[in-house]
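Okay, here's what each chain looks like letter by letter:
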Amino acid sequence: GGTVARASHSLSSMVPSTSLLPPATLLTKWASLFRSQPGLSSRDYSWQCVCFRDQKRKPNLYLIAARHFSSTSPMRLKTRATSGVSEVQRSTQSNSVNGMKEFEMELQELFNEVKAMVKTGKERDAMELLRANYVAVKEEIDSGSKGIEQAALLDIIALGYMALGDLKPIPALLHMINKIVDKLKDSEPLLDSVLMHVGSMYSAIGMFENALLTHQRAVSILENRYGECDTLLVTPLLGLAKSFGSYGKATEAISVYERVVAILERNRGSESEDLVVPLFALGKLVLKEGKADEAEIPFTRILDIYKKTYGEKDGRVGMAMCSLANAKCTKGDADEAVDLYKNALRIIKDSNYMALDNAILENMRIDLAELLHFVGRGNEGRELLEECLIINERCRGKNHPSTATHLVNLAASYSRSKNYVEAERLLRTCLNIMEESVGFEDQSITFPMLNLAVTLSQLNRDEEAEQIALKVLRIRENAFGKESLAVGEALDCLVSIQARLGRDDGEVLGLLKRVLMIQEKEFGSSAEELIITLQKILHFLEKLEMKDDKFKFRRRLALLRERYKQSLSL
């Protein structure tokens, strides 16, 4: 038998996908980037862009590696292929260990067959295969057979749908499996492996409470069978820790990750490469909790492990350096982070660990460019962004849609250095490429469009900027809805431009109140993001001499400033 699915243990996911984008470009970067960039100005009034938090992202879909099946069961299986569709069929006439191993092998064969079909583009055949097996096992369940065999086959069917990327059947399949396993004794063969798969699938679809309960039972089964320090506990413990973290219980997750590290150190040694996965997960979670000092420890250990295992010039060492650089940057050691990133890029390039146009390597260059701009070394950062653009054009062609991101990033760099003329040229080139690939009305085109509006306003071409901002607003209202974050961003930009143009104060005030409503809906009525918007609203209330409203908003602003200890002036 073999494991049904294995998780990647590479460090390719260590590098976050970061873009060097200005306000009104990438919605998920709105919060951090808006704080660092000035908005438009209107006479003596300073306009700052509104900060909107990151949008919630869907959980990553992955299959946690399960240990090899090694249990016995009074069942025997054989596989029969008919018209290209295999059905797992059972015979209950054998109580031998070999019978269960055959069943296990056929489960593995079924899953491998589905994966092979998906890999070769035969999704329809894979779907028919899964449906055929589902019909067969459903008939058995309806006739009263509700044992581990049925649960295990449903598990493989669910994993197959995950491999297809079809999540619709997953909740119902997991519910069917749960109804069966809830009545099974912990001593049942295969149960621990089924529970591990089910737990990972619950995590994948965001049902973290169910994932927690499932992983906890799997851990309990293995603890009773092998003790509390066996390496067979590692997989379910990693699943449990991930579920705790996703469920908002970081303290519990950290404790479980530390337990995994301790188990592996005891069984494999303190320099084992097996430690990389839990150490990376631990570091990432601690960093997310704002404990950069603590996060440095696991990332430094990973770097040391890879250096000792593969030598200092191996590409994996470069990847580990990136993780450590992220921690250093969060801690505030920006210069040290820059050095780590530069060394990492050099090692990865010299070792030919990745192709020059690899997406991970590309993101590393962008991360470093962003950091270089942050520490005041914009020219160096711009050189990296130009390198990204040149590599992309060389590998994919000058007018390839993927070039758009690099053109926007480079335009942002020129805007930071106040070279708005070059920024405009790059943004218009980007728009031409995107219009060719997605059309004039696609929502994705609004990101460079809004950047262009800001750039034109900086060039004192506010009439033109206003028309572009209005078009962005219309497209986004149609695409995302009138109360969406994307619309709030467009409204905020439009308000700044119209204020410069001296448009009707009452109309501008109405737009600002829409921005406030969107922020309240997204973040709550006491969020820090509301402060700047309230400040703008007060400015127009004073101009319009609306004293009653002004008192209400002034009091609200004062309470928020006190709460967040802000010292913003009107």
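Criteria and thresholds
- For every chain, the first residue of the written sequence is number 1, and numbering continues from 1 onward in sequence order.
- Owing to the predicted nature of the model, reporting of local features is limited to residues with pLDDT of at least 70; listing and counting of side-chain atom pairs is limited to 80 or more, with chain, interface and lining totals taken over all residues.
- Hydrogens and water molecules were not included; the side-chain quantities draw on all heavy atoms of the structure.
- Counting from the N terminus, the helices are DSSP H or I runs at least four residues long and the strands are E runs at least two residues long.
- Per-residue accessibility, obtained with a 1.4 Å probe over protein chains only, is compared with the maximum for each type, and a residue is labelled buried under 20%, exposed over 50%, and partly exposed between these values.
- Computed by Shrake-Rupley with a 1.4 Å probe, the accessible areas treat only the displayed protein chains as cover when residues are assessed.
- Take the residue count of a helix, subtract one, and multiply by 1.5 Å to get its expected span.
- Contact between two residues is taken to exist if any of their heavy atoms lie within 4.5 Å; hydrogens are not considered.
- Think of pLDDT as the predictor's per-residue confidence, scored from 0 to 100.
- Between N-to-C directions, angles span 0 to 180 degrees; the directions come from axes that are lines fitted to C-alpha atoms, helices contributing only their stretch in contact.
- Put simply, angles under 35 degrees are roughly parallel, angles over 145 are roughly antiparallel, angles from 65 to 115 are roughly perpendicular, and the rest are oblique.
- Put simply, a crossing is left-handed when the front helix is turned counterclockwise from the back one by less than a right angle, and right-handed when it is turned clockwise.
- Polar here means any residue outside two lists: the nonpolar Ala, Val, Leu, Ile, Met, Phe, Trp, Tyr, Cys and Pro, and the charged Asp, Glu, Lys and Arg; Gly therefore counts as polar.
- Think of a nonpolar core as a cluster: buried Ala, Val, Leu, Ile, Met, Phe, Trp, Tyr and Cys residues, connected wherever their side-chain atoms sit within 4.5 Å.
- Between rings of Phe, Tyr and Trp, where Trp is taken as its six-membered ring, a pair exists when centres lie within 6.5 Å; planes separated by under 30 degrees are stacked, by over 60 edge-to-face, and by other angles tilted.
- Counting as a charge over the ring demands two things of the Lys NZ or Arg CZ atom: a distance within 6 Å of the ring centre and an angle within 35 degrees of the ring normal.
- Each salt bridge in this description consists of a side-chain nitrogen of Lys or Arg and a carboxyl oxygen of Asp or Glu lying within 4 Å of one another.

- By the naming in an unreviewed UniProt entry, the protein chain is Nephrocystin-3, taken from Noccaea caerulescens.

**Here's the deal with the overall build of the protein chain**
Step number 1: Scanning the protein chain from N- to C-terminus turns up 23 helices and 4 strands.
Step number 2: In the protein chain, which comprises 570 residues, the share counted as buried stands at 52%.
Step number 3: For the protein chain, the computed accessible surface area is about 26,700 Å², with 48% contributed by carbon and sulfur atoms.

**Description of the environment of Phe 540**
Step number 1: Following the sequence through the fold, Phe 540 ends up in helix H22 (residues 530–543).
Step number 2: Phe 540 sits 10 residues away from Lys 550 along the chain, and the two C-alpha atoms are 9.1 Å apart.

**Regarding unusual backbone geometry**
Step number 1: With a phi angle near 55°, Asn 352 is a residue other than glycine that sits in the positive phi range.
Step number 2: Along the chain, the position of Asn 352 falls in the loop between helix H13 (334–350) and helix H14 (359–374).
Step number 3: At Lys 418, a residue that is not glycine, the phi angle is positive and equals roughly 65°.
Step number 4: Considering the arrangement of structural elements, one finds Lys 418 in the loop between helix H16 (403–416) and helix H17 (420–438).
Step number 5: Residue Lys 418 is classed as exposed on the basis of its relative accessible area of 62%.

**With respect to H13**
Step number 1: Over its 17 residues, H13 runs 24 Å from end to end, which matches the ideal 24 Å to within 8%, given 1.5 Å per residue.
Step number 2: Packing partners of the buried residues in H13 comprise helix H12 (315–331) and H14.
Step number 3: Downstream of H13 by a residue or two, Asn 352 has a phi angle that is positive, lying close to 55°.

**With respect to the confidence of the model for the protein chain**
Step number 1: In the predicted model, the protein chain carries a mean pLDDT of 83, and 82% of its residues have values of at least 70.
Step number 2: Ignoring residues within four places in sequence, the model shows residues 1–96, a span with pLDDT below 50, making 281 contacts including any to other chains.
Step number 3: Low pLDDT, under 50, characterises residues 566–570; the stretch is placed with 16 contacts to residues that sit more than four places away or in other chains.

**Remarks on the packing of H16 against H17**
Step number 1: Put simply, H16 and H17 touch, their axes get as near as 8 Å, and they point 165° apart. Here H16 is positioned roughly antiparallel relative to H17, judged by the angle of their axes. When the axes of H16 and H17 are compared, the crossing they make is left-handed. Residues Thr 403, Ala 404, Leu 407, Val 408, Leu 410, Ala 411, Tyr 414 and Ser 415 of H16 lie in contact with H17, whose contacting residues are Tyr 420, Glu 422, Ala 423, Leu 426, Leu 427, Thr 429, Cys 430, Ile 433 and Met 434.
Step number 2: Here the contact of H16 with H17 is composed, by residue class, of 13 nonpolar, 3 polar and 1 charged.

**Quick look at the nonpolar core**
Step number 1: Leu 154, Tyr 161, Ile 177, Leu 237, Phe 299, Ile 302 and Met 364 are the most contacted members of the largest nonpolar core, which totals 161 residues.
Step number 2: In terms of residue count, helix H4 (residues 148–164) provides more of this core than any other element does, 12 residues in total.
Step number 3: Discounting residues that sit within four places of it in the chain, Leu 154 has contacts with Tyr 134, Val 137, Ile 141, Leu 173, Met 176, Ile 177 and Ile 180.

**With respect to helix H3 (residues 123–142)**
Step number 1: The end-to-end C-alpha separation of H3 is 28 Å, in line with the 28 Å expected for 20 residues at 1.5 Å each.
Step number 2: If you check which residues of H3 are buried, you get Ala 126, Met 127, Leu 129, Leu 130, Ala 132, Asn 133, Ala 136, Val 137, Glu 140 and Ile 141.
Step number 3: Positive phi appears at Gly 144, one or two residues downstream of H3, with a value of about 110°.

**Let's talk about the packing of aromatic side chains**
Step number 1: For the coordinates displayed, the defined rule picks out 2 aromatic pairs.
Step number 2: Cation over ring: Arg 316 sits above Tyr 310, and NZ or CZ is 3.6 Å from the ring centre.
Step number 3: Above the ring of Phe 447, the side-chain terminus of Arg 476 is found at 4.7 Å from the ring centroid.

**Here we look at the pattern of salt bridges**
Step number 1: Summed over the entire model, instances satisfying the criterion amount to 33 salt bridges.
Step number 2: Between Arg 365 and Glu 387 there is a salt bridge; the shortest N-O distance is 3.7 Å. One end of the pair, Arg 365, is in helix H14; the other, Glu 387, is in helix H15 (residues 378–396), with 22 residues separating them in the sequence.
Step number 3: You can call Arg 365 buried: its relative accessible area is 4%.
Step number 4: One salt bridge connects Arg 514 with Glu 477, and the closest N-O pair in it is separated by 3.0 Å. Taken as a pair, Arg 514 in helix H21 (residues 505–523) and Glu 477 in helix H19 (residues 462–480) lie far apart in primary sequence, 37 residues in all.
Step number 5: Its relative accessible area of 23% is what places Arg 514 among the partly exposed residues.
Step number 6: Via salt bridges that share partners, Asp 293, Glu 296, Lys 328, Lys 331, Asp 333 and Glu 336 belong to a single interconnected network.

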